[in-house]
Structure formats: C-alpha cells, structure tokens
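Now for the letters of each chain:
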Amino acid sequence: VALTAAYMYKLAEKLTILNERGNGVLIRMNYIKKLCADPKLRPSILTDKAMEPAIKYINKKFPNIDFRGNIQHLTSIQRQKSEVLTATSSYYDSFMDVIEFRDHVYELLNTIDACQCFFDISVNFDFTKNYLDLIVTYTSVIITLSRIDDKKALVGMFNCAHEMTNGSSDPSYPRLGQMFVEYDHPWRKLTEEFGPHTRSVTTALLSLKMLYPRRNLPAEQWRSAQLLSLLSAPAAMLDPACCDTMACEYLSMEVMERWIIIGFLLCHSSLNSNQASQELWKMALRSGIYLILTRDEVLNIHKVSEDLFDSIKGYSKRVADIKECREHAIVNSGAMHRERRNFLRGALKELFKVLEDEPGLLGPKALFVFMALSFSRDEVLWLVRHSENMPKIKTPEDYIDNQMAELLFHMEKLRGLMRKHIHVVQRYHVQYLAQYDALVLNDTIQNMYVCPEEESVLMTSFVSTLSALSIKQVDNKEEFDFRALRLDWLRLQAYTSVNKAPLPLKDYPDLAKVMNMIQFHTRTVDSLEELLQETSDVSILCFYPRVFEKMFIQSSEEMTMKRYLMAFPSVCSHFGHCGHPLCPEEVSVHLRLCVTFLEQIAKQTSSVVLEICAEQRNLHDQLLPKHCAETISAARHRKQKKPVQKKGEVQKEKPGAESLRKDRTVVTNVDKMHLMLTELCSSYSLCSDFIVFNHIVVPAEFLLSHLETRLSETIVIMANYNQTTQEIARPSDLLAGIRAYTTNLHSLSSYVNVDVTRLVKSVLLQQTQPLDSCGAQTVTTIYTNWFLESLLRQASNSLIVHCPTMQCFVSQTTDNEPTFRAEEFSDITELQALAELLGPYGLKFLSENLMWHITSQVSELKKMVIENMDILVQMKNNFDKPEEMSNLKKRLTGGENVLKRMTIIGVILSFRSMAQNCLKDVTLSVSELASAAGLPCDIDPALVAAIGSMQTDNTSIDEEYKLSRLLLVYIAVSLPTLALDPNSYYSREHGGHNNNIHCLAMAINQLAAAMFTIQNQSVEQQLREFLMVSGQFLMFRLKYYNFITSPIVEESPFLSQDMLESCFPYVLLRNAYREVYRSFVVTLG
C-alpha cells in the first residue's frame, strides 16, 4: 500500500515543479517589493494625490472594507475604476500565485509526513535537497511578501474597483485578505504551520551533522590537509576523484546554512530536545550575520532568531546561545572568511596551472574543479552580503578585500578551461559510465535480495542506458541527454524513501553511493554548463552594484591586482542567467557595470601607454637638430681652449644618459610604467570576448577606442595652439612627436593582441578632417585657423613678405618684436610636414577656407567695379588715347584698394601653391583630386568652384563677364599707384617686393582664368587686353612694368613672350632690368 501511494503521489515530480515555481514566485515578490519601495518606479496609482484618501481608508479597514457605505472615501477609485483595475490586476494575480503555491506546498508537506519519508543527504541526496529547498523557498516567499508595505493597498484597490465594475467582490479576495492578516507576523505563523512537520524537517537537517562541520573548517585545516591540491599526492594524480557523497562535496555552504537556520527556526522544538540539533544550529549561527533570502534581500539571522524566541516561553537559554553566537560571529567570522579567501586564491591558481598544463587531468579531477569553484563562490557571496550590511566592528578590514580580483579571475579561468576542454571531460566520463559505473550498478542490483517490479524496471533501464554509451558518440559530437535518467533516479529515491517501502534505500547504501556517482558523471557529460553555473554563478552581484564597483576600485588600486581586473567585466557575463520566466521584467538588459569596468581598465591602460609614449617623445625630442647648438658650442669652446665652466654650473646630460644605471635595483619612472602596462595588459589574456545579455563584448576594442580618443587629444595638445597669443608648434616638431608616439605605440602589440596599425591610421585620418569622431577640433582645423589668422593676416598687412627665392614667407624687421618668425613655419620643410600631417583631405579643407577669403575679396572688388563702372567702360574703350585716359584716371577712385585686395588674393594663392607643391608624391588624374593632391592645374578647380558659387540668380552671365573684364581694366589702370609706395622696391634677397605686390601676377592669372572659364570666354584674349591696357600706363615706369607684367606672362599658361613683346618691346624690358640693377647698386652698394 505504501509503495502504491508513493507511486501515486508523485513526490519527486511535485518537488521538482514546486521548487521551480517557488523560485519564480519568490523573485516576483521581491520585484514587487523593490518596485513599490523605489520612488522612481513606484506604480503611478500609489503616487496619485487623488488616491491618498482611498489608500488610507483601505489600509485602515483591510480586509473588511465597506465598498458601499463609505463611498465618499472611495470616490477617486469610482472615477478611475477601469484604470485602477488595469494598474493593479498584475499585482493581484501575483499575490494569488502565492496562495496557489502555498496550497500546493501544504499538500505536499502533509503527504510527505503521511508517508513518513526518510531523509539523508548522503543517501537520497536529490530527494533531501529538494525537500529542504522547498521549505526554504516557501519561507522566503512568505517573508518577502510580509515586507511588501503596499500589498494591502494594491489588493484592496483592485477588489474595490472590481466590485464597482462587476457588482461583486473577486471570489479569491477573502482568502487573500486573510492570508495578509495572518502573515502580519510571519515567523510566528510559520512556526505554527511547521509544527506538524518537525520530525521530517529535523531528520533532514540532522543528516547534515557530518557534512556541514566537515565543510565549515578554518583555512588552517584546509591548508594542512592540502585541500584541492593535485600535487600533494603525485602518485594518485591519475586516480579518479570520487567519494561516497559526490554531490555533497560541491554543495554550497550558503545553501546548507540557509537550510539549518531557517529549518530550526520553523521547527525550533528540536533545539531544546536534541543536542545534535543544537550544536548544528549554533555552528551555523557562528558562521556569519546575514543570509540571503533572494537577490539583495537578506535575513539578519541573530535578530530574527532572538525576536522569535523572546516571544516563546522556555527559550531563554536559546536566546543566550544566540547572543553568544552573534558575538562570536562579529569577532571571528570576518577573519575566518578572509583567511579562507587567501587560501583559495593560491589553491585555485595552483589547480589552474596544473590543469592548464595537463588538460587530460580534467577527466579524473573534474570534481576538484567544481569543489574549488563552489568554495570560492561561497566566500565571494559571503563577503558581498556582509559588505553591503557591514556590522559595527573594530576590524572593518576583515570585510574589505582588495584582492578579490584574483579570486574571481582564477574562477573565470577554471570555468574557461572546462569549457575549452569539454570533449576531454566527456570522453573520460563516457568511458567511465559505460565501462565502470554500469558494471558496478549491475553487480549491486544482482546482490539485492528484494527488488520490486517498478524499481527493477528503473534500475535495469539505468544499466542498459549506460552500457550503450560509446566513445564514438563523443568523437561524432552527438548530443547527450541524461535528464530522464536523473529524474528516474529522483523517482526511485522517492519510492524507496517512504515508510515500509519494499526496497528501503537506507538499507542499500551501496546503491545510493553508485547512483549518486552516476548522477555526477552524467552531468559532466551532458550538463557541464549547468554544473558550472550551479557551482560558480555569481550573477547575484548584479543586485549589489555598489559592492561590486567598490571591489573593483579596491582591486584596481593594488599594483599586483591589475592583471586580474578583467575578471570583473567577465563576471558580468553571469548576469544573463539570473532572470526567471515568471518575472522577465526584473533584469533589464543593461551593460552599465560591464562597460564601466572595461572603460576604467581601458582608461588606465591607455593612460600608461600614452605616458610611456610621452616619455619616449621627450627622449626623441632631445635628438632633434634644434637641440644640438649647445653641444656644438661646447665642442667649439673645447677646441678654442676657452675657460672651463665654474663648479657651480651643472653640466647638461647628453641624450641617452638615462639608460646608464650603476645599480639595477634603482627603479625609474619608466620602469614603473612598463611594469604597470605589463600588469594591465595581462588582464586582457583572460578572454578575447564574452557575451553579456546577448551582446558580444570585446575588451580590446574598448582599449582601442580609448587610445583613439586619447591619442587624438594628445596630438592636438602637442600642437600647443593658444588662440589668445596665437602660439603654435612648428609642423615639423609636431610630426616628429607623432612619429615618436606611433613608433612606441606599435610596441603595444607585443603586450596585447590589438591592431595598432588600424588605430594609428584611424587617428591620423581623423586629424585630416575638420573634426574628429568625438566632434573635437583637429590639427587640420588648428593649423588652418593659425595660417589664416596669423601668418596670412600679417602678410596681408605687409608685416610678412612672400619670398619666392627661398620659397617661404619671411617676417619683416619692425620695432615690435614679432610673436613668431614666419620663415620657421613656412619653409619647404615645414610645409612638407604640414602636408604630411593634413594630407590631401586636410589641405583641401585648408584650400576651401583660403577660397572663402578670396571670394570675400572678389565680392568687394565687384562692388568697387560697379561703383566705377561708367569710368571703367570709357577707359576700356579709350585706352589708346593718353590724354583722355589721364582725365578718366583722375576721376577713378579706389585704385589702391583694388591693388591691396588683389595683393591679398595673390598672397593667399601663393601660400596655397607652396602647400600643394608638397603633395606631389600623390599622383591622381582627376583635376580636382589632382589639385588637392598637389599636382598643378592650368585652371585652379577650387577657385573655379568658389567663384562659381558666388553667382546669384539676379546676375546674368553677360553681366558677370562685363564685370570681370572691367575688373582687369581697373587693376591695369591702378598699377601706377604702386610707385607711390616705398615698399614697392624690388628686394633681390627675397626675390620680391616688401609689400608683396609680386603676388599680383599669380592673383591676376588665377583669378582671370577662373572667372572667364566660368563664363566660357577666352582667357588668353582677356589677358592680352590686360597687357595692352597696363602697358600704356606703365610705359614710363619701366621697373614696375617689368616686375609686374613679366611674371604674369611667365606664370601664365595662356600667354607667351611674343605677346609681351608686341605690347612692350624687349629693348625696353632690358632697360628696365638695368634700371632695377642700378637701384640695387645705389641702395645696397
């Protein structure tokens, strides 16, 4: 009869289902509690001011609320009854889930008591574990429910709206209201409920009396027993790690303590009657102060126990025990767990190193890995829950671990090793199951003197399933699934654990031993990931962000911990496992913690990398030619035997002196930075990528991103641009600095696997654009602004002279000290460096800005032409009549202004030409690209585009053509005014004039070519007319004509010397050269 009842009650199935369901309900209750407690997330129905009277009334009268008699208190609900129903229905349904869960738990616990089930963790492990888990889960659900302050308001509002809508209360409301009232004092009610279950619960808990004390040992005993060491017994290294209680070896200490504390709180009568119960309970009380109910919801075990036992007569001794245990825990538990963590750090490191070197040992020693992970996870979680709720003690350092990174790192390494060599583990255990476990199980079955039919069928199926296994299945990568076998073993435990079972499991410990071992072996074959999650999952850290971040900060401050920092973001990959289908909205998909950690690691690494680069740049800077003057001067002094320097003067060290070291123990700043870089880069070896909430995270990309941003900022800083004082670094100096940085950056790839070439190309390419990827200014923008605002502006005012002879700009000597020397920024070397820094794209941007300035000048020139149009038309028609031209010239205004603006255009074009000449190494055929790349074009496409964009709808092409022709006339007739400027004298040294009028030739050529190209007119014809007009006015000012018109012909692709000869005979040009030469003799001689 008992056996039939065991089959019928389906205890194993119910325990499995209710545990899973209970976890979901518990998580749901915790979520509701957090939701109602957070002002930002609190349901709007509870924060609505209009609802306050109704909420107060419901809380006061709950559960007996008069929905009809006190309608004035509930008018706000009456008005919004549909909204209230919608807003509260999900909460109401969740609370109904608690009632449903409670009913099924009651029924199952009563059934188990009626069957007088036998519980022993070392025999029927799964049956006992599921039973104790169900008790703890149910208790946690009730305790969490009692902590939801707004539960009565939510349920009362729902029922009120339901009655107003449907005319009657919800049928479940009375039971729900009664449950809330009963659990106002949850522990008192729970102890009453579990009174009848004391025997079963106590039996199950007392089965831990051997296991828990053995696991709860101080680190000294672990160390003396050489726990987790594979090297302690080299001869037994290949022996399989097995024992009578395989699953117990990696059972969580936290789980056992939760069973013991909550179990004896519910069934406390055994504490007074059973010494073994009392000893087990006191040992658990001494281990710590807090237990986790779920997530970050904790239980202060001493306070709860003391409050409960204070209200029960005859428990004064137990209250004294609690106080004594609390004092012991406060004084000793922190130090004990600290020492355990210290031991585990070394033990896990040794275990990993051995297994990494010999992965074949993962087969026989898999149990060691799961034990190591479980022990470590227990210590991590103990510290987490106690750090968040740290007691007031004299030694707070026991609750602070600045070496947590190392423990997490080795845990992650072991997990990764198991995943990497999963086929090694599978091959070993498939052979073990088929060639050993199946045979031992078969022998055990044969030796049993009683074997009922149902049990016989199950055990026979076990043997046949295991015997059919083959190593070829592993080689063929077949999927294994032993879940049915393990569930059957759980069923068999339930069948054989009831009272008067024909096959009592407690009488066949050998069967239990071999089946528990088989269960472990099958899990290593088909559920390795699940085992890893069970023993090392620390996803609960997702709910302790402050503690987690604090641990990271503490570890990052330790030099020796920097190599382990990657464990923190890697642990975030566990967070995806903590959700539950019953509460999918609880864990939002966010990567904040993971990204924060990776950003911090990348920030530290990039800072060190760039500091080393900065040091190398300083050393490289010492070798630049500009610093050799002192060395040359000192050598010259020695050669001339000048007086030796005085004793007080410090002799300057030569480059390379920093490498000379008399004592290797002397550590320089660069040594420290290289050490730190090595430590930080070592952390990237943990894994190349990992998954967090279905996002693939690549740590090295964060480093590259940070380096990209910081390198861009550093390059801009190295440019040393001061907008106020207009100071800036020479392009060649900046280029040398960038080369030093780039050279040193390439050494980073020897530390960590990153694509430095891609990084450098990306950064330098961004620097050729006006803004980088972060929207910040680049060297292109900085140098463009500086050349426009400083160099070219002063050149426009004749403070700087364009020097064709030396192909640069030269500062004029003035009374005021110039802020910079133009020749140091504009010679061929500097412009080549500028071209290399800015590249074709950057120079195109520079060109566009230069064109903008030219178009603004052209706009002003057109206005002046329009103002003098009538006079210019007459001058154009009568240029061969000297007397009439003389009269018209007197009426013409603004001639000097025209030449000034044309000179500015010429200076700008001269600078642009010099800059683009430095890009000739790039060869392209398309005109605009060729121009941007530095190849010369007959007609400047950039200038054509710029002037073409000035066209307006109001002006026809004919009118533009007329203005362009008159502008050339305007320039031609204004040229004689240059004779009035003393700076117009030609400088043989510079190859030009001090007021830059030699740039007029380029301005006239380029501007005419661009304007007449747009208007589809002959450039050659218009320039010939210009020569004819200008010739009439400059005939008697030979030297000006020579040095203005002659370069126009020389530089123009449209004019020839024959044209010049027809306007101005060469014999006169020769006299002009002689005239200028004589002036030099007189002036300079």
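Residues numbered from 1 in each chain as written. Predicted model: local features only at pLDDT ≥ 70, side-chain atom pairs only at ≥ 80, totals over all residues. Heavy atoms only, no water.

## A few points about the overall build of the protein
Within the protein, the regular secondary structure consists of 49 helices and eight strands. With the C-alpha coordinates of the protein rotated into their principal frame, the extents come out at 140 × 90 × 65 Å. The long-range share in the protein, meaning contacts at least 24 apart out of those at least 6 apart in sequence, stands at 78%. As presented, the protein carries roughly 49,100 Å² of accessible surface, and 52% of it is formed by carbon and sulfur atoms. (Helix = DSSP H or I, 4+ residues; strand = E, 2+ residues; numbered from the N terminus. Contact = heavy atoms within 4.5 Å. Areas by Shrake-Rupley, 256 points an atom, 1.4 Å probe, with all protein chains shown as cover.)

## Digging into the nonpolar core
In this structure, Ile 77 and Phe 95 are the most contacted members of the largest nonpolar core, which totals 318 residues. With 15 residues, the top contributor of residues to this core is helix α38 (residues 828–867). Once you skip the residues sitting within four places of it in the chain, Phe 95 turns out to touch Met 29, Ile 32, Leu 145, Ile 148, Lys 151, Leu 154, Val 155, Leu 176, Met 179 and Phe 180. Counting 31 residues, the second largest nonpolar core, distinct from the first, contains Leu 433, Ala 438, Leu 492 and Tyr 495. (Core = buried A, V, L, I, M, F, W, Y, C linked by side-chain atoms within 4.5 Å. Buried < 20%, exposed > 50% of the residue type's maximum accessible area, 1.4 Å probe, protein only.)

## Remarks on the packing of aromatic side chains
In the structure shown here, the tally under the stated rule is 35 aromatic pairs. Geometrically, the ring pair formed by Tyr 138 and Phe 194 is tilted, given 6.2 Å between the ring centres and 45° between the ring planes. With Tyr 138 in helix α7 (residues 125–146) and Phe 194 in helix α10 (residues 186–194), the pair connects residues that are 56 residues apart, well separated along the chain. On the basis of an interplanar angle of 50° and a centroid distance of 5.9 Å, the ring pair of Tyr 428 and Tyr 432 is categorised as tilted. Here Tyr 428 and its partner Tyr 432 are both found in helix α22 (residues 422–446), four residues apart, which amounts to about one turn of the helix. Here the aromatic residues Tyr 783, Trp 786, Phe 787, Phe 809, Phe 820, Phe 825 and Phe 911 are joined through ring pairs into a cluster of three or more. Sitting over the ring of Phe 368, Lys 365 keeps its end group 5.4 Å from the ring centre. (Phe/Tyr/Trp six-rings, centres within 6.5 Å; stacked < 30°, edge-to-face > 60°. Lys NZ or Arg CZ within 6 Å of the ring centre and 35° of its normal.)

## Details of the packing of helix α6 (residues 81–115) against helix α8 (residues 151–166)
Packed helix pairs are characterised by how far apart their axes lie and by the angle those axes make with each other. At a minimum axis separation of 8 Å, α6 and α8 run at an interaxial angle of 130°. Here α6 lies oblique to α8, going by the angle between them. For the crossing formed where α6 meets α8, the hand is left-handed. Across the interface between the two elements, Lys 81, Val 84, Leu 85, Thr 88, Ser 89, Tyr 91, Tyr 92 and Phe 95 from α6 touch Lys 151, Leu 154, Val 155, Met 157, Phe 158, Ala 161, His 162, Met 164 and Thr 165 from α8. Split by residue class, the contact of α6 with α8 holds eleven nonpolar, four polar and two charged. (Axes fitted to C-alpha atoms, helices over the stretch in contact; angles between N-to-C directions. Parallel < 35°, antiparallel > 145°, perpendicular 65-115°, else oblique. Left-handed = near helix turned anticlockwise from the far one by under 90°. Nonpolar A, V, L, I, M, F, W, Y, C, P; charged D, E, K, R; others polar.)

## Some words on the side chain of Arg 341
Position of Arg 341 relative to the elements: it lies in helix α19 (residues 316–357). On the basis of relative accessible area, Arg 341 is assigned to the buried category, the value being 0%. Beyond its immediate chain neighbours, meaning those up to four positions away, Arg 341 contacts Glu 379, Trp 382, Leu 383, Asp 398, Asp 401, Met 404 and Leu 407.

## Side note on a nonpolar patch on the surface
Taken together, the side chains of Ile 691, Ile 696 and Val 698 present a nonpolar region at the surface, about 270 Å² in accessible area. With respect to the element layout, Ile 691 can be found in strand β3 (residues 690–692). (Patch = residues over 30% accessible without salt bridge, like charges linked within 9 Å, V, L, I, M, F, W, Y side chains within 5 Å. Salt bridge = Lys/Arg side-chain N within 4 Å of Asp/Glu carboxyl O.)

## Examining helix α4 (residues 52–61)
Along α4, the residues classified as buried are Ala 54, Ile 55, Tyr 57 and Ile 58. Considered in projection along α4, the buried side chains sweep an arc of 165° and stay on one side of the axis. In α4, the exposed positions that point more than 90 degrees away from the buried face belong to Lys 56 and Lys 60. At its buried positions, α4 is contacted by α3 (44–47), α5 (75–79) and α8. (Arc of directions from axis to C-beta.)

## Regarding the state of the cysteines
In protein chemistry, a disulfide is the covalent bond that joins the sulfur atoms of two cysteines. With the rule as written, the count across this model stands at zero disulfides. No disulfide involves Cys 687; its sulfur sits 9.5 Å from that of Cys 594, the nearest cysteine. (Disulfide = S-S within 2.5 Å.)

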